[in-house]
Amino acid sequence: MTLRIGFVGAGFNTRFHIQALTEVRDCEVVGIVSHTKASADSAAKLAKELGVGLSARAFDSVEEMTADPSVDALWLSNPNHTRIPVMEEVLAGSQRRETPLKGICLEKPLARTLQEALQVKSIADEIGVPTGYLENMLWAPSVVRAREVLWRRGAKLSGRPYLARAAEEHAGPHSAWFWQRELAGGGSLLDMMCHSIEAARWLLTEPGAPRSSLTPEKVSATVGTLKWDRPHYVQELKNRYGDAVDWSKNPADDFSRATVHWRTDDGQELLTETTSSWCFVSAGIRHTFELLGPEYAMEVNMAQCGASVFFSREVTGEAGEDLVEKQNAEQGLMPISPNEPAHYGYAGEDRYFVQSFLSGTKPKLDFSDGVEVMRLLMAAYKSAAEDRAIAPTEPELETYMPFGEVRLD
Ligand SMILES: NC(=O)c1ccc[n+]([C@@H]2O[C@H](COP(=O)([O-])OP(=O)(O)OC[C@H]3O[C@@H](n4cnc5c(N)ncnc54)[C@H](O)[C@@H]3O)[C@@H](O)[C@H]2O)c1
């Protein structure tokens, strides 16, 4: 059986997924919808060139693609501010189908606020098909392997781990909408701490135990605008993206950290420490995971993929991201990744959701988990704003908007 996938969004992330699908069996790309026909055509062309979607084509709308019987499942990778309208179109399209979709995957973060995330989940509940929350770090092979070994040997003999640390820091995202807080919903915290908080929680959770075996009790966080509101960098953003991106008037956070206190179902206290940044400039990204327990530790540095290259000052080439994602230089000693889509977990993630949807099994990470991640992100923003620890059960979080009103385009 083959799962025929339609993508919504044709940008950076969809192109990563399309590359990852070269390592995934039993699926093909059949459709793409994007903001422009040209970008959808370009992603369809990539799927054809890579042999993962020989009949891939651009559709005119999300509703049309969802309703089309040639599509079995959707991978939604559209900008954060378009979550609700896209989900509404998916609902309209699904109501025109004779057979239901086999599943819908949606990229992190589930939405911009907890209120929106609950709305996304409620529309999905109405559609009534299995959902997947796309958090690739839970399938990154080095993290998966280190977690497995640590729990099997260290935790088994000396007791469960108690502290997980995760960091994802780079020099800033690649499209204008990320930098407009009313569209993205926030800055580095919303964009990247969703990865780190979920990965750290998962590292601390005993393999095979349910998510509910750890309860988050309080969140304390700090956010800062360290670099991108400086006049030189305000202007740089305007030069790149136009006057709509103005961090002198509408800055978001370009650095964030959070500590979450967790309680196990047998009463032990655990901690996660996470950081995210859009102002980290170095050779590649700072992307690390640590898990510590009574007699052991594990550490994964995603930027060390086992290969690096050196270019002398005589080698002057065009700026690009052909060595690693978010690369900052083309000279000197630079890390390279042999296979980024696999290394970051996209291939494993897509393989998992393809097989879950084909077999009709409920995925282990779905929209309700995306809602829980969003609850912690809102608690982190509220903690930073009010300078106090916040319990994720605070009812105000359901209407909390870190930067005031959000905008639907
Ligand atoms: N898992 C990860 O590590 C990871 C990495 C990057 C992005 N993401 C997530 O993926 C999503 C997309 O990010 P990106 O980096 O690809 O952004 P991008 O700006 O590179 O691409 C966005 C794409 O969506 C299209 N688009 C805009 N409005 C649309 C609409 N209403 N309907 C359909 N398509 C629309 C654009 O034309 C573009 O092709 C975001 O939610 C982001 O958080 C996840």
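Preceding this section is the structure that the text describes.
Remember, it's a predicted structure, so these values are computed and weren't measured experimentally. (Residues numbered from 1 in each chain as written. Predicted model: local features only at pLDDT ≥ 70, side-chain atom pairs only at ≥ 80, totals over all residues.)

Q: Quick rundown of the site of the ligand? Include the residues and the values.
A: Neighbouring the ligand are 23 residues; G9, G11, N13, H35 and S175 lie closest to it. At three residues, helix α1 (residues 12–20) tops the list of elements feeding residues into the shell around the ligand. (Near = placed C-beta within 6 Å. Helix = DSSP H or I, 4+ residues; strand = E, 2+ residues; numbered from the N terminus.)

Q: Outline the environment of L106, supporting the account with residue identities and numerical values.
A: Mapped onto the fold, L106 is located in strand β5 (residues 103–107). Since 27 C-beta atoms lie within 10 Å of it, L106 is described here as buried. As a C-alpha pair, L106 and R83 span 23 residues in sequence and 9.0 Å in three-dimensional space. (Buried ≥ 20, exposed ≤ 12 C-beta atoms within 10 Å, placed from the backbone.)

Q: Explain the nonpolar core residue by residue, including any values.
A: Ranked by size, the top nonpolar core spans 105 residues in total, and within it V29, I32, L74, I104, A199, L377 and A380 carry the most contacts. Looking at this core element by element, the count peaks at 11 residues for helix α8 (residues 188–204). In this structure, this core is formed jointly by two domains, domain 1 (3–135 + 348–365) and domain 2 (138–343 + 374–395), each of which donates at least three residues. Once you skip the residues sitting within four places of it in the chain, L74 turns out to touch G6, V8, T66, V90, L101, I104 and C105. (Core = buried A, V, L, I, M, F, W, Y, C linked by C-beta atoms within 7 Å. Domains from an automatic or database assignment. Contact = placed C-beta atoms within 7 Å.)

Q: For the sheet that holds strand β6 (residues 131–134), give the residues involved together with the corresponding values.
A: Taking strand neighbours across the sheet as the criterion, the six strands line up as β3-β2-β1-β4-β5-β6 in an open arrangement whose pairing is parallel. Each of the sheet's edge strands pairs with one partner strand only, and the pair in question is β3 (57–58) and β6. This element, helix α12 (residues 367–386), spans β5 and β6 of the sheet and lies at about 40° to β6. (Pairing = 2+ DSSP bridges. Axes fitted to C-alpha atoms, helices over the stretch in contact; angles between N-to-C directions.)

Q: So what's going on with the pairing of strand β2 (residues 27–33)? Residues and values would help.
A: Side-chain direction in a regular strand flips from residue to residue, so the side chains alternate between the two faces of the sheet. Across the seven residues of β2, six count as buried, placing the element largely inside the fold. Here strand β1 (residues 3–8) pairs with β2 via six bridges, running parallel. If you follow L3 over to β2, its bridge partner there is C27. Between the parallel pair β1 and β2, the chain is carried across by α1, and the sense of this crossover is right-handed. In terms of strand pairing, β2 meets β3 through two bridges, oriented parallel. Bridge pairing in β3 links I32 to A58. Crossover β2 to β3 through helix α2 (residues 37–49) is right-handed. (Right-handed = clockwise from strand over helix to strand, strands pointing away.)

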